[in-house]
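So the chains spell out like this:
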Amino acid sequence: MDICRENDALQISDLDPFLAELLRQIPASTNPEGLPAAEQRIFSAPADTKQKQLCSEWKTYVEPELRRLFQSATETVTSDLAQLNGNEKSLRNCTLRIPLDHADAWLNALNQARLVIAAKYAFTESELNDHYHSPVGSRRDLGLFQVNFYGFLQEFILRELDNN
Amino acid sequence: MAHGDSALLILNQKAVPTTVEKPTIEQETKSEEEFDLPWHVVVHNDPINLMTYVTMVFQRVFGYPREKAERHMLEVHHKGRSILWSGVRERAELYVQQLHGYLLLATLEKVS
């Protein structure tokens, strides 16, 4: 896999089918539904639970806005990922082009996905810091690989935003 | 965001057409001091958010220069939390909302 800046876009080329599939899974991975720990982390409390009124007003007024923001970021990423459609059966490597204008949406969606996956598998801090964990032998291992791979993409996007 | 702590001024006027009485002004019994107490915007450590990402968010949300943003990020990382800003409640709420938009663990704390 190659990742570089091409004018006003970030380009991920020589993407093998396995990594392309992990990218395709980003939108689905952002969904915290049915995972109370993930929902709690994505929509965290704004204050100590003793501040009942503040927390309840937050749920009413702020949470819906946050949901819209996260949904919009995920939709942007989903539309960019359409470039990878049709390659499911192909063993050929493919390329993904992310407009620099979409960088914030990608950072947000990748973060949502990483938080949801980490909450789903209840990864410990030491597991998350073990970037050389291998091999991928279970669904949980794959989840850890996903968290690290998405983190790698975030680092790249952040570096390019910094250079912009 | 709406909240219930703001001072309420209620004007009670009786419906007497010929004379106009001086309006009664009712006020909540919260002292001035209580309103003046600042709120802290606190960011808590979490093992998922990247250090470079957290630094970028602090720069964007608070307009801090990179060095200051990094100092706060490292404080969060090493001490588990950092007070990013203190001041009036409405602005503190806005900051926490923005930080939640970036998926950081942030809370408001009333200075006691």
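Residues numbered from 1 in each chain as written. Chains lettered and ligands numbered in written order. Predicted model: local features only at pLDDT ≥ 70, side-chain atom pairs only at ≥ 80, totals over all residues.

Asks: So what's going on with the interface of chain A and chain B? Which residues, and what values?
Replies: Interface size is often expressed as the accessible area that is lost when the parts come together. Listed as interface residues are 24 residues of chain A and, on the opposing side, 18 residues of chain B. Counting only elements with at least two residues in the side of chain A that touches chain B, the list comes to α4 (52–81), α5 (103–121), α6 (125–129) and α7 (139–163) of chain A. The element that contributes the greatest number of residues to the side of chain A that touches chain B is α4 of chain A, accounting for 7 residues. (Contact = placed C-beta atoms within 7 Å. Helix = DSSP H or I, 4+ residues; strand = E, 2+ residues; numbered from the N terminus.)

Asks: So what about the sheet that holds strand β3 (residues 94–99) of chain A? Which residues, and what values?
Replies: Backbone-to-backbone hydrogen bonds join strands into a sheet, with any given pair of strands oriented parallel or antiparallel. Residues and elements named next belong to chain A. The 3 strands lie next to each other as β1-β2-β3, forming an open sheet whose pairing is antiparallel. Bordering the open sheet on either side are β1 (2–6) and β3, each of which pairs with just one other strand. The average angle at which neighbouring strand axes cross in this sheet is 20°, direction not considered. Sheet analysis places strand β2 (residues 9–15) next to β3, joined by 5 bridges and oriented antiparallel. Its bridge partner lying in β3, Leu15 is registered against Cys94. (Pairing = 2+ DSSP bridges. Axes fitted to C-alpha atoms, helices over the stretch in contact; angles between N-to-C directions.)

Asks: A description of α4 of chain A should follow, citing residues and the corresponding values.
Replies: Residues and elements named next belong to chain A. Compared with an ideal rise of 1.5 Å per residue, which puts 30 residues at 44 Å, α4 spans 41 Å between its outermost C-alpha atoms and is within 8% of the ideal. Along α4, the sharpest kink reaches roughly 45°, centred on Lys59. Those residues of α4 not exposed but buried are Leu54, Trp58, Phe70, Ala73, Thr74, Val77 and Asp80. Among the structural elements, α2 (26–29), β3 and α5 are those in contact with the buried residues of α4. (Expected span 1.5 Å × (residues − 1). Bend = angle between axes of the 7 residues up to and from the residue. Buried ≥ 20, exposed ≤ 12 C-beta atoms within 10 Å, placed from the backbone.)

Asks: An account of the sheet that holds strand β4 (residues 81–87) of chain B is needed here, citing residue identities and associated values.
Replies: Residue and element names in this part refer to chain B. Ordered in space as β4-β3-β5, the 3 strands form an open sheet in which the pairing is antiparallel. The sheet is open, and its two edges are formed by β4 and β5 (106–110), each paired on a single side. Looking at each pair of strands side by side, their axes are set apart by 30° on average, direction ignored. Here strand β3 (residues 39–44) runs beside β5; their pairing, made up of 5 bridges, is antiparallel. Considered in β5, the bridge of Trp39 is made with Lys110.

Asks: Kindly report on the packing of α5 of chain A against α7 of chain A, identifying the contributing residues and their values.
Replies: How two helices pack is summed up by the angle between their axes together with the distance between the axes. Residues and elements named next belong to chain A. One can describe the packing of α5 onto α7 by two numbers: an axis separation of 9 Å at closest approach and a directional angle of 155°. With respect to each other, α5 and α7 are oriented roughly antiparallel. The chirality of how α5 crosses α7 is left-handed. Across the interface between the two elements, Ala103, Trp106, Leu107, Leu110, Ala113, Arg114, Ile117, Ala118, Lys120 and Tyr121 from α5 touch Arg140, Gly143, Gln146, Val147, Tyr150, Gly151, Leu153, Gln154, Ile157 and Leu161 from α7. (Parallel < 35°, antiparallel > 145°, perpendicular 65-115°, else oblique. Left-handed = near helix turned anticlockwise from the far one by under 90°.)

Asks: Got a sec to walk through helix α3 (residues 66–79) of chain B? Specific residues and values, please.
Replies: All names here are of chain B. The end-to-end C-alpha distance of α3, which contains 14 residues, comes to 19 Å, matching closely the 20 Å that a straight helix rising 1.5 Å per residue would cover. Among the residues of α3, Ala69, Met73 and Val76 are the ones counted as buried. Summarising the axial view, the buried residues of α3 lie within an arc of 55°, below the 170-degree limit, and thus occupy one face. Residues of α3 that are exposed and point more than 90 degrees away from the buried face comprise Glu67, His78 and Lys79. On its buried side, α3 packs onto β3, α2 (51–62) and β4. (Arc of directions from axis to C-beta.)

Shape is all these values report; function is a separate question.
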